[in-house]
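These are the residues of each chain, in order.
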Amino acid sequence: QVQLVESGGGLVQAGGSLRLSCAASGRTFSSYPFSTYLMAWFRQAPGKEREFVAAIAWSSGSTHYADSVKGRFTISRDNAKNTVYLQMNSLKPEDTAVYVCAADWRADIATMIYSYWGQGTQVTVSS
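In what follows, the accompanying structure is described.

Cut-offs used in this document
- Residues numbered from 1 in each chain as written.
- Predicted model: local features only at pLDDT ≥ 70, side-chain atom pairs only at ≥ 80, totals over all residues.
- Heavy atoms only, no water.
- Disulfide = S-S within 2.5 Å.
- Helix = DSSP H or I, 4+ residues; strand = E, 2+ residues; numbered from the N terminus.
- Buried < 20%, exposed > 50% of the residue type's maximum accessible area, 1.4 Å probe, protein only.
- Salt bridge = Lys/Arg side-chain N within 4 Å of Asp/Glu carboxyl O.
- Phe/Tyr/Trp six-rings, centres within 6.5 Å; stacked < 30°, edge-to-face > 60°.

Looking at the state of the cysteines
So, point 1. Under the criterion given, the structure shown has 1 disulfide.
So, point 2. Bridging C22 to C101, the disulfide has an S-S length of 2.1 Å. Looking along the S-S bond of the C22-C101 disulfide, the torsion reads about -85 degrees, which is the left-handed sense. Within this pair, whereas C22 is found in strand 3 (residues 18–26), its partner C101 is found in strand 9 (residues 97–106), the two being separated by 79 residues in sequence.
So, point 3. Exposure remark for C22: the relative accessible area of 0% places this residue in the buried category.
So, point 4. With a relative accessible area of 0%, C101 lands in the buried category.

Topic: the pattern of salt bridges
So, point 1. Taken as a whole and judged by the stated rule, the model has 5 salt bridges.
So, point 2. Two residues, R43 and E51, come together in a salt bridge whose shortest N-O distance is 2.8 Å.
So, point 3. The class of R43 is buried, set by a relative accessible area of 6%.
So, point 4. Since its relative accessible area comes to 32%, E51 is described here as partly exposed.
So, point 5. K70 is paired through a salt bridge with D67; the nearest N and O atoms lie 3.2 Å apart. Like D67, K70 is exposed.
So, point 6. Ionic contacts of the salt-bridge type, sharing partners, join the residues R43, E51, R72 and D95 into one network.

Here we look at the packing of aromatic side chains
So, point 1. Across all of its chains, the model carries 7 aromatic pairs by this definition.
So, point 2. Note on Y37 and W58: the rings are 6.2 Å apart at their centroids and 70 degrees apart in plane angle, and the pair reads as edge-to-face. Highlighted residues: Y37 in strand 4 (residues 36–44) and W58 in the loop between strand 5 (51–57) and strand 6 (63–65), separated in sequence by 21 residues.
So, point 3. On the basis of relative accessible area, W58 is assigned to the buried category, the value being 7%.

Written out as structure tokens, the structure is:
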């Protein structure tokens, strides 16, 4: 099992920045054949489906982003703290959502399938 705890959400004006954190514990970072440990951020706005935001491969640091956040959001990890971050800059009202951290071992960093999920943290961007 993997446990994920998010923090860092809040209210910010359009154009502002926030940094989200996701601390991981449990059966993390084990290696398996043909797969790599991935951590990702998704978001869900009221009345909308959950949307992929960004992912990072823990061992290599490779990243993958949704087109809607490229150039504004940056995903990173701190190996010593077992934590993944999402730095969000130039925020827009349409970024308002509950942001949820996810983890799994997969072969493809572009996967949308994750087995482990956090509880989420609210991000609200005012215009």
